[in-house]
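Coordinates in review
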Amino acid sequence: MNSSECFIQSVEEIINSTQARISIAVEIDEQRIIEKDSDREYLSASLIKIPIMMEAYRQSELGTICLTDLIEIKDFQKVGGSGVLHSLTGGTQLSIKDLITLMIIVSDNTATNIMIELLGKDNINQFCRDIGAHHTKVERKLMDEQAKAKGYENITTASDMICLLKELDQNEILSKNSTLDILKCLSAQQFRHKLPGLMDQDLMKIANKTGEMEGIEHDVAIIHYGGKKAYIAVLIDQLEQNFLGQVSIAKIGESVYEYLLKQ
């Protein structure tokens, strides 16, 4: 059995042992190595922050917004969940670029909602369509229980996430300067316990974004090692315990890591 076959077998064993719905797409050096239900739609959780960030840079390139402009964060805009802005007191002003950074590296929900309002849901969704991520859409702000009760949800797929990640190397819509900024932000991600969790993170160059809700665990990443490049998207829902999903994703990441080491 060659290294590719061993890799596929190891990931399939992890998938089969995961007691939940799981979708996965792994592409290494332009070849889709593994794909399972990659077009199945999931609640996106914080993965939706990737296309929001990318649309912000597109609008910056178009001159619609300026990333250095300051935005005042008002108390009524603050929401719970992940992030730090909801814990700050008093008036706070941050640049759009700082809000994007907080949205990604600490997955700040308040920053995300401010960006959705600034950019516009329709514009974010149009960006997803333009790039080919046809199943990904923003329908509501984060932590908006009223919109959720009406059936509005943010959704995505593993295949769409691979499409979005590949744009960061291919520059079909965004400029090289923009994608370098985005990759730098994703590389500063502070939640590294899923796909990168069992990797030697000093050896691999990793840019990732996680997402989680009750019963849901996601992670997507670009992994560079030597001349090799891997795009990975793992989406899991219907978990009885979130921790079990985190373990499965970390094991899949470890399999990718071991495969890259052998190439």
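Computed from a predicted structure; not experimentally measured. (Residues numbered from 1 in each chain as written. Predicted model: local features only at pLDDT ≥ 70, side-chain atom pairs only at ≥ 80, totals over all residues. Heavy atoms only, no water.)

1. Looking at the overall build of the protein chain
What counts here: Numbering of helices and strands starts at the N terminus; helices are DSSP runs of H or I of at least 4 residues and strands are runs of E of at least 2. Atoms counted for the radius of gyration: C-alpha only. Globule rule: 2.2 Å times residue count to the power 0.38. Buried residues are those whose accessible area, probed at 1.4 Å on protein chains only, stays under 20% of the maximum for their type, while exposed residues exceed 50% and partly exposed ones sit between those limits. Two residues form a contact once any of their heavy atoms are found within 4.5 Å. Calculation of accessible area relied on Shrake-Rupley with a 1.4 Å probe; when residues are assessed, cover is drawn exclusively from the protein chains displayed. Asp and Glu are treated as the negative residues and Lys and Arg as the positive ones, with His and the ends of the chain left uncounted. Positions of charges follow a simple convention, taking NZ of Lys, CZ of Arg, CG of Asp or CD of Glu.
Within the protein chain, the regular secondary structure consists of nine helices and nine strands. Over its C-alpha atoms the protein chain spans a radius of gyration of 18 Å, differing by no more than 12% from the 18 Å that the globule rule assigns to 263 residues. Reported as C-alpha extents along the three principal axes, the dimensions of the protein chain are approximately 60 × 40 × 30 Å. Split into buried and exposed, the 263 residues of the protein chain put 52% on the buried side. At a minimum sequence separation of 6, the contacts of the protein chain that also span at least 24 residues come to 64%. Surface exposure of the protein chain reaches about 11700 Å², of which carbon and sulfur atoms provide 46%. Each charge sign in the protein chain was given a centre, from 27 positive and 39 negative side chains, and these centres are 2 Å apart.

2. Notes on the packing of aromatic side chains
Quick reminder of the rule: For Phe, Tyr and Trp, where Trp contributes only its six-membered ring, two rings pair if their centres lie within 6.5 Å, and the inter-plane angle classes them as stacked under 30 degrees, edge-to-face over 60, or tilted in between. Whether a charge lies above a ring is judged from NZ of Lys or CZ of Arg, which has to be within 6 Å of the ring centre and within 35 degrees of the ring normal.
Taken as a whole and judged by the stated rule, the model has one aromatic pair. Ring geometry for phenylalanine 7 against tyrosine 259: centres 4.8 Å apart, planes inclined by 25°, an arrangement best described as stacked. With phenylalanine 7 in helix H1 (residues 3-17) and tyrosine 259 in helix H9 (residues 242-262), this residue pair connects regions lying 252 residues apart in the sequence. Taking relative accessible area as the criterion, phenylalanine 7 reaches 3% and is therefore assigned buried. Judged by its relative accessible area of 7%, tyrosine 259 is buried. One residue, arginine 21, lies across the ring of tyrosine 42, its end atom 5.0 Å from the ring centre.

3. A look at unusual backbone geometry
Note: most peptide bonds trans; most residues except glycine with negative phi. Even without being glycine, methionine 143 reaches a positive phi, approximately 65°. Here methionine 143 shows up in the loop between helix H5 (121-131) and helix H6 (145-149). Methionine 143 gets classed as partly exposed once you look at its relative accessible area, which sits at 42%. Backbone geometry at glutamine 238 places phi at a positive 60°, although glycine is not the residue there. Examined against the element boundaries, glutamine 238 turns out to sit in the loop between strand E9 (228-237) and H9.

4. A word on helix H3 (residues 96-105)
Within H3, seven of the ten residues are buried, leaving the element largely enclosed by the surrounding structure. Restricting attention to buried positions, one finds in H3 the residues Ile96, Leu99, Ile100, Leu102, Met103, Ile104 and Ile105. The positive-phi residue at the C-terminal boundary of H3 is serine 107, with phi of around 55°.

5. So, the environment of glutamate 55
Relative to the helices and strands, glutamate 55 resides in helix H2 (residues 49-62). We classify glutamate 55 as buried; its relative accessible area is 3%. Along the backbone, glutamate 55 and glutamine 126 are 71 residues apart, and their C-alpha atoms lie at a distance of 9.0 Å. When neighbours within four sequence positions are excluded, glutamate 55 is seen to be in contact with Leu119, Asn123, Ile124 and Phe127.

6. Considering the nonpolar core
Put simply, the test is: Within this scheme, the nonpolar core is defined by two criteria: the residues are buried Ala, Val, Leu, Ile, Met, Phe, Trp, Tyr or Cys, and they are joined through side-chain atoms within 4.5 Å.
Counting residues in hydrophobic clusters, the biggest one holds 53 residues, and the most contacted among them are Ile52, Met53, Met54, Leu99, Ile100 and Met115. It is H3 that contributes the most residues to this core, seven residues altogether. Grouped together as the second largest cluster of nonpolar side chains are 27 residues, Ile34, Ala230, Ile249 and Val256 included.

7. As for the pairing of strand E8 (residues 216-225)
Selection rule: Any two strands are treated as partners once DSSP identifies two or more bridges connecting them.
In terms of residue burial, E8 counts as a mostly covered element, since eight of its ten residues are buried. As paired strands, strand E7 (residues 205-213) and E8 are joined by nine bridges and run antiparallel to one another. Bridging across to E8, glutamate 212 finds its partner in glutamate 217. In this structure, the hairpin formed by E7 and E8 is closed by a connection of two residues, where glycine 215 is found at a positive phi of approximately 80°. Bridging between E8 and E9 involves nine bridges; their strand directions are antiparallel.

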